[in-house]
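# Structural features, examined
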Amino acid sequence: NLASSELEEINTHVMDHRNELEEKTLLYSSFVKPEFRLTVCEKPEFLIVDDDTFNVMALEQMLKVTNRTTQAAFNGKQALDIILERKRDYANGVPFFKAIFTDSHMPIMNGIELTNCINKMIENNEIPMTPIIIVTGDSNSPKMQIYSLNNTQFLSKPISKEKLKNILENLC
């Protein structure tokens, strides 16, 4: 059993992460130009998952140049919530994400855990086969290669326009 002081410390740590996530979400939304905000009827083509606001904005800008629409999440748990919401929409005829870009290292739920959850939903035919692009600085590590499944690719940081172009060409 954990002592009450340990539980309090864990709770404080979780709340700090939650507050940080809320601050990043507010900061991020303040940078999004009104013309890029989606109307209710539009559904983004790509989900970007990263706890670093700058990385989200950079990838978003690179995709917007190619007229792609995006949605952002700042950890795997938030992304999973978005995916579950889109799963309900998909059941009603709305297209699913064309791909999911996820950072490998994030608080709350990392990109590998998220990838495992998504792959279970795919195996259970809950969602269609969806390419997952794990964005990481250590894509050559043996640990990362374990996750090289049919629908999983790696994109090393920093992301170049050429690397992104190649991935997009393979997706479409």
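You'll find the structure just up there.
Residues numbered from 1 in each chain as written. Predicted model: local features only at pLDDT ≥ 70, side-chain atom pairs only at ≥ 80, totals over all residues. Heavy atoms only, no water.

Let's shift gears to helix α4 (residues 111–123). Helix length check: α4 (13 residues) gives 18 Å between terminal C-alpha atoms against 18 Å at 1.5 Å per residue, within 8%. In this structure asparagine 110 caps α4, since a side-chain oxygen of it lies 2.9 Å from the backbone nitrogen of isoleucine 112. Phi turns positive, to about 55°, at asparagine 125, one or two residues after α4. (Helix = DSSP H or I, 4+ residues; strand = E, 2+ residues; numbered from the N terminus. Expected span 1.5 Å × (residues − 1). Polar contact = N/O pair within 3.5 Å; in protein donor to acceptor, adjacent residues only side chain to side chain.)

Turning our eyes to something else, we now look at the packing of helix α2 (residues 53–65) against helix α6 (residues 161–171). Put simply, α2 and α6 touch, their axes get as near as 11 Å, and they point 60° apart. Classified by the angle between their axes, α2 and α6 sit oblique to one another. α2 and α6 meet at a crossing whose hand is right-handed. Where α2 approaches α6, its residues Leu59, Met62 and Leu63 are matched on the opposing element by Lys161, Leu164 and Leu168. (Axes fitted to C-alpha atoms, helices over the stretch in contact; angles between N-to-C directions. Parallel < 35°, antiparallel > 145°, perpendicular 65-115°, else oblique. Left-handed = near helix turned anticlockwise from the far one by under 90°. Contact = heavy atoms within 4.5 Å.)

Here we take up the nonpolar core. Generally speaking, a soluble globular protein has its nonpolar side chains buried in company with each other. In this structure, Leu47, Val49, Ile83, Ile100, Leu114 and Ile118 are the most contacted members of the largest nonpolar core, which totals 21 residues. For this core, the secondary-structure elements that each account for two or more residues are β1 (46–49), α3 (76–91), α4 and β4 (132–136). Top contributing element to this core by residue count: α4, with five residues. What leucine 114 contacts, discounting residues up to four positions off in sequence, is Val49, Gly76, Ala79, Leu80, Ile83, Thr102 and Met109. Counting residues in hydrophobic clusters, the runner-up holds 16 residues, among them Phe46, Ala72, Ala99 and Ile167. (Core = buried A, V, L, I, M, F, W, Y, C linked by side-chain atoms within 4.5 Å. Buried < 20%, exposed > 50% of the residue type's maximum accessible area, 1.4 Å probe, protein only.)

Every buried residue of α6 is listed here: Leu164, Ile167 and Leu168. Projected onto a plane normal to the axis of α6, the buried residues spread over an arc of 100° and lie on a single side. Turning to α6, the residues buried within the fold contact β1, α2, β3 (99–103), β4 and β5 (152–156). (Arc of directions from axis to C-beta.)

Counted according to the given criterion, the structure contains six salt bridges. One salt bridge in this structure joins aspartate 103 and lysine 157, with 3.0 Å as the shortest N-O distance. Taken together, the positions of aspartate 103 in strand β3 and lysine 157 in the loop between β5 and α6 put the pair 54 residues apart, joining distant regions of the chain. Take aspartate 103: its relative accessible area is 5%, and that puts it in the buried class. Overall, the relative accessible area of 33% leaves lysine 157 in the partly exposed class. Between glutamate 169 and lysine 165 there is a salt bridge; the shortest N-O distance is 3.9 Å. One end of the pair, glutamate 169, and the other, lysine 165, are both in helix α6, four residues apart, so they sit about a helical turn from each other. Since its relative accessible area comes to 43%, lysine 165 is described here as partly exposed. (Salt bridge = Lys/Arg side-chain N within 4 Å of Asp/Glu carboxyl O.)

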